[in-house]
Amino acid sequence: MAKIQAPVRKNDILNVYFEDLTHDGNGVAKVEGYPLFVAGALPGEKGQIQVTKVNKGYGFGRLMKLEERSPHRVDVPASEAHKYGGTQLKHISYEGQLQFKEKQVREVLARIGKLDEVKVHPILGMDEPWYYRNKAQVPVGEKNGQLIAGFFKPRSHEIVDTNESIIQLPEVNEAIQTVKEICNELGLKAYDEQAHKGVLRHIMARYGKATGELMVVLITRTPDLPHKNKIIDKIVSRLPQVTSIVHNINAKRTNVIMGETTNVLWGSEIIYDYIGEVKFAISARSFYQVNPVQTKVLYDKALEYADLSGDETVIDAYCGIGTISLFLAQKAKKVYGVEVVPEAIEDARRNADLNGMENAEFEAGEAETVIPEWYKQGIEADVIVVDPPRKGCDEALLQTIIDMKPEKVVYVSCNPSTLARDLRILEDGGFQTVEVQPVDMFPQTTHVECISQLVLKND
Ligand code: SAH
C-alpha cells in the first residue's frame, strides 16, 4: 500500500471526527484517509485538534476542545492519583474498556491469525476495577533538594512525584509513600540517570493480599545502603505489615530495574501469598501476577481448559514460580515446569514442598531448549500450558508441541498479536482452537490478557 502524503501541516488546527481507538488507547481521526492519532479522544467523538507531528503515513495531534462526547467517556478527577501511572483508559467507562479489549481480541485473531470463526467469549472483568495491583516499583529522583518518586511523564524520563495510584492496592501505595518519606528524612541521595551517580534508584513494594505480608525492596547503584539500620527501624515501626526488607544492588547503566545481587536487610527473603488453596513463596526478583483477584479467575480457566482426570502428564512452559504448574498438579499425575529465571525455579521447588506436592518437577532454562530435550528423552505430555512474555512462543517450542501432539494445549497470553500468530502456527500444525477467553487482568490500562484452549485434530 502506498503511503499517503500528508494533507496536513504541523500546528494546523482542525475539526475532526474520531472513528477508532488504537491498541495503545489513542483516538484515530482521518483527514483524506490520512490517520492522525490523538491521546484522550474516543471513537464517536468530535473535537478540535492541533497537529503536533507529521510523518509519512500518519501523524499526531493534541486534543484542544471536545465538541461531542462519547457515551463511554467518564470524567477523570483532577487528583494526582489519577494523573499518571500507565492508566491510558481511565477516561473510558469500565464497560467501554471491556468492549474495547474484546473487540481488539476478535480483530487481531481474524487479521493476524485468520481465525474469523473462532469462539471468543465475553471478557471477564472485575467488580471493582481500581486499586488492585499487589506490586509497584517506582523510580526515584530529586527535585529542589528533595527526594521524589512516582511515575515517568509519558514519553519522557522526567519523574513526577506521586503518592498514590488508582490501580495499586492501598497497602502498596502506603508502603511506597512511607519508604520515600523515610529516605527523605534521612537525606538519602537519589540516583541520577544522566550522570550515573547517586544512590537510590527504585523503591519496590509487593503485598500478599491473602496473607497481609509486605515486602519492601530498596534498589541502589552503590553496594552500600547509607543509614541502613535507621531505614530498617523506621520501616518496621511505620509499616506494621512488613515481613521482608530487601536491598538489591544494580550498578549498571540500564533500564532494567533490579541487579543480580540481593541482600536481606530484615525479616525474610520471601513473602507468602495464596491463590485459591495453593500457597506461594515469592522472592524479590521473581515474576508474580499483579492482580490477585483476576489471577484466580485466569488459573481456574486454565484448570478448566486442561480438563484433567488425574492420569495426565502436563508441561507448564514459562512457569515462573510454578503458579499454574501447582494449580494443575492438584489434578494431574505429573507436572513438569520450565522457566528461564533461576530464582523463580528455586521458588517453584520450594512452593511444591510447601504444598506437599510431590508430582511437580522444575527445570531452569529456556522453554524452547529444555522442552525439545525432554521430548528427546521420552517425556511426552497430554496437556501443554504455555504462558510466554509479550513476544510469544519461540518457533522451536511450537514445532516441538506440533511433534509431541498433546491432546490439549492451553495458551495464556498477555499480547493478542503474538497469540494470534502462534495459534495460526499451531492450527497449521494439526491443532484446532476451541475457544478464547479474554480476562481483564489490567483494568484502566490498554493491556489485554487471553487464555485459549486448543485440541489435537483427529485426522
Ligand atoms: N505462568 C507464570 C509466569 C508467566 S510470565 C505465572 O502465571 O505466574 C512469563 C514467564 O516467562 C516469566 O517468569 C519469564 O521469566 C519467563 N520467560 C521468559 N522467556 C522465557 C523462555 N525463553 N523460556 C522460559 N521462560 C521464559
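All of these numbers come straight from a predicted model, not from anything done at the bench.

Engineer: Explanation requested: the overall build of the chain in the structure shown.
Structural biologist: Looking only at helices and strands, the chain features ten helices and 22 strands. Over its C-alpha atoms the chain spans a radius of gyration of 24 Å, differing by no more than 12% from the 23 Å that the globule rule assigns to 459 residues. Dimensions of the chain, computed from C-alpha atoms along their principal axes, come out at roughly 65 × 65 × 40 Å. For the chain, the proportion of its 459 residues judged to be buried stands at 54%.

Engineer: What is the right way to look at the domain arrangement of the chain in this model?
Structural biologist: Interface size is commonly expressed as the accessible surface area that is lost when the partners come together. Examined at the domain level, the chain breaks down into domain 1 (13-68), domain 2 (102-127 + 291-456) and domain 3 (135-275). Each of domain 2 and domain 3 has a C-alpha centre, and the two are 32 Å apart. Each side of the interface is counted separately: domain 2 has 13 residues, and domain 3 has seven residues. Carbon and sulfur atoms make up 76% of the area that domain 2 and domain 3 hide from each other, which totals about 730 Å².

Engineer: I'm lost on the layout of surface pockets in this one. Help?
Structural biologist: Any empty space left between the atoms is revealed when a probe the size of a water molecule rolls over them. Its boundaries defined by the atoms lining it, the second largest pocket holds a volume of some 710 Å³. Lining the second largest pocket we find 28 residues, and of these Leu21, Thr22, His23, Phe100 and Gln104 sit closest to its centre. Every element with two or more residues in the lining of the second largest pocket is listed here: β1 (13-21), α2 (94-113) and α10 (416-428). Of the residues that constitute the lining of the second largest pocket, the class distribution is ten nonpolar, eleven polar and seven charged.

Engineer: Is there a simple way to think about empty space enclosed by the protein in this case?
Structural biologist: Per the stated rule, a full pass over the model turns up one cavity of 30 Å³ or more. Volume-wise, the largest cavity comes out at about 50 Å³. Lining of the largest cavity is provided by Val138, Gly150, Phe151, Thr162, Asn163, Glu164, Ser165, Gln168, Asn173 and Ile176. Listing elements by their share of the lining of the largest cavity, those giving two or more residues are β8 (146-152) and α3 (170-185).

Engineer: I'm lost on the sheet that holds strand β4 (residues 46-54) in this one. Help?
Structural biologist: The strands that make up a sheet pair up through hydrogen bonds in the backbone, lying either parallel or antiparallel. Spatial strand order, β1-β2-β3-β5-β4: five strands in a closed barrel with mixed pairing. Each strand of the sheet is rotated relative to its neighbour by a mean of 50°, with strand direction disregarded. Bridge analysis of β4 against strand β5 (residues 59-68) gives eight bridges, and the strand direction is antiparallel. Bridging across to β5, glutamine 50 finds its partner in arginine 62.

Engineer: I would appreciate a short explanation of the packing of aromatic side chains in the present structure.
Structural biologist: To describe a pair of aromatic rings, one takes the distance between the centres and the angle between the planes. Taken as a whole and judged by the stated rule, the model has five aromatic pairs. Centre to centre, the rings of tyrosine 58 and phenylalanine 60 are 5.9 Å apart; their planes meet at 85°, and the pair counts as edge-to-face. We classify tyrosine 58 as partly exposed; its relative accessible area is 35%. Classification of phenylalanine 60 by relative accessible area gives partly exposed; the value is 30%.

Engineer: Any chance you could explain the UniProt feature "active site" (unreviewed entry) in the chain here in plain terms?
Structural biologist: Residues given the UniProt feature "active site" (unreviewed entry) here are Cys414. Residues within four places of cysteine 414 in sequence aside, it is in contact with Pro388, Pro389, Arg390, Val448 and Glu449.

Engineer: What am I meant to see in the site of the ligand here?
Structural biologist: Among the 17 residues in the neighbourhood of the ligand, the closest are listed as Tyr299, Thr323, Glu339, Ala367 and Asp387. At a separation of 3.1 Å, a nitrogen atom of the ligand approaches a polar side-chain atom of glutamate 368. In the model, a nitrogen atom of the ligand is placed 2.8 Å from a nitrogen or oxygen of the aspartate 387 side chain. Protein contact buries 88% of the 570 Å² of open area that the ligand shows by itself. Of all elements in the fold, only α6 (323-329) and α8 (367-376) reach the threshold of two or more residues within the shell around the ligand. The class makeup of the residues in the shell around the ligand is nine nonpolar, four polar and four charged.

Rules used in this analysis
- Residues numbered from 1 in each chain as written.
- Predicted model: local features only at pLDDT ≥ 70, side-chain atom pairs only at ≥ 80, totals over all residues.
- Heavy atoms only, no water.
- Helix = DSSP H or I, 4+ residues; strand = E, 2+ residues; numbered from the N terminus.
- Rg over C-alpha atoms; globule rule 2.2 N^0.38 Å.
- Buried < 20%, exposed > 50% of the residue type's maximum accessible area, 1.4 Å probe, protein only.
- Domains from an automatic or database assignment.
- Contact = heavy atoms within 4.5 Å.
- Buried area = accessible area lost by both parts, 1.4 Å probe.
- 1 Å grid on protein atoms, 1.4 Å probe; cavity = no way out; pocket = protein on both sides within 12 Å on 5 of 7 lines; lining within 4 Å.
- Points joined across faces, edges and corners; volume = space filled by probe spheres on them.
- Nonpolar A, V, L, I, M, F, W, Y, C, P; charged D, E, K, R; others polar.
- Pairing = 2+ DSSP bridges.
- Axes fitted to C-alpha atoms, helices over the stretch in contact; angles between N-to-C directions.
- Phe/Tyr/Trp six-rings, centres within 6.5 Å; stacked < 30°, edge-to-face > 60°.
- UniProt positions renumbered as here; feature names shortened; annotations may be inferred.
- Near = heavy atom within 4 Å.
- Polar contact = N/O pair within 3.5 Å; in protein donor to acceptor, adjacent residues only side chain to side chain.
- Areas by Shrake-Rupley, 256 points an atom, 1.4 Å probe, with all protein chains shown as cover.

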